[in-house]
Amino acid sequence: VFLGDNGQGDYMVGNWMYEQFPDSVEQVFIHQVQEAHLTPFYDAYNAKALIAKRPLTFVQDWVTAAVSALRRPVPLIKPEGLKRVVEAAEKDFNEIVGWTSDEQKATE
């Protein structure tokens with residue numbers, strides 16, 4: 001499993017790893033930190049016909065990735081692992097300071 005984001009070259013690295021070692025790469029999760037079309041190398045890899053068959057998923061956050069990992073036909077994590085990811089995300093979120101309002105925090 002490879003975890004990255006779409007801010008620099010992680011998308012390319014995940015694709016390359018799958019091309020080179022398809023039997024060793026079970027899943028690539030790319031955290032979408034910017035619009036997908038702005039992802040470096042996005043056009044180059046999406047032009048390939050096999051992209052739809054690759055185990056590469058854009059996710060909005062790591063909780064979504066963990067849910068996806070658990071829901072696969074052969075899960076990549078156990079329910080306890082999902083629980084730990086959710087707890088860590090909640091802890092990190094609660095440590096954010098500088099909200100402009102309680103409404104902004106509730107919306108996020």
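Residues numbered from 1 in each chain as written. Predicted model: local features only at pLDDT ≥ 70, side-chain atom pairs only at ≥ 80, totals over all residues. Heavy atoms only, no water.

Quick look at a nonpolar patch on the surface
On the surface, V1, L3 and W62 cluster together into a nonpolar patch covering about 300 Å² of accessible area. By the secondary structure assignment, W62 is in helix α3 (residues 62-71). On the accessibility criterion, W62 (34% relative accessible area) is partly exposed. (Patch = residues over 30% accessible without salt bridge, like charges linked within 9 Å, V, L, I, M, F, W, Y side chains within 5 Å. Areas by Shrake-Rupley, 256 points an atom, 1.4 Å probe, with all protein chains shown as cover. Salt bridge = Lys/Arg side-chain N within 4 Å of Asp/Glu carboxyl O. Helix = DSSP H or I, 4+ residues; strand = E, 2+ residues; numbered from the N terminus. Buried < 20%, exposed > 50% of the residue type's maximum accessible area, 1.4 Å probe, protein only.)

Brief notes about the packing of aromatic side chains
Under the defined criterion, the tally for this structure stands at 5 aromatic pairs. Their ring planes at 25 degrees and their centres at 5.6 Å tell us that Y11 and F58 sit as a pair that is stacked. Linking Y11 in helix α1 (residues 10-20) with F58 in strand β3 (residues 56-59), this pair joins segments that are 47 residues apart in sequence. Its relative accessible area of 25% is what places F58 among the partly exposed residues. Between the aromatic rings of Y42 and F58, the centroid separation amounts to 6.0 Å while the plane-to-plane angle is 70 degrees, which identifies the pairing as edge-to-face. With Y42 in helix α2 (residues 42-46) and F58 in strand β3, this pair connects stretches of sequence that are 16 residues apart. Chaining the aromatic ring pairs together yields one cluster made of Y11, Y42 and F58. (Phe/Tyr/Trp six-rings, centres within 6.5 Å; stacked < 30°, edge-to-face > 60°.)

Some points on the confidence of the model for the protein chain
Per-residue confidence for the protein chain gives a mean pLDDT of 90; residues scoring 70 or more make up 94%. Ranking the helices and strands of the protein chain by mean pLDDT puts α3 first, with 97, and α2 last, with 77. (pLDDT = per-residue confidence, 0-100.)

Quick word on α1
By the burial criterion, the buried members of α1 are Y11, G14 and N15. Projected down its long axis, α1 shows its buried positions confined to an angular sector of 95 degrees, all on one face. (Arc of directions from axis to C-beta.)

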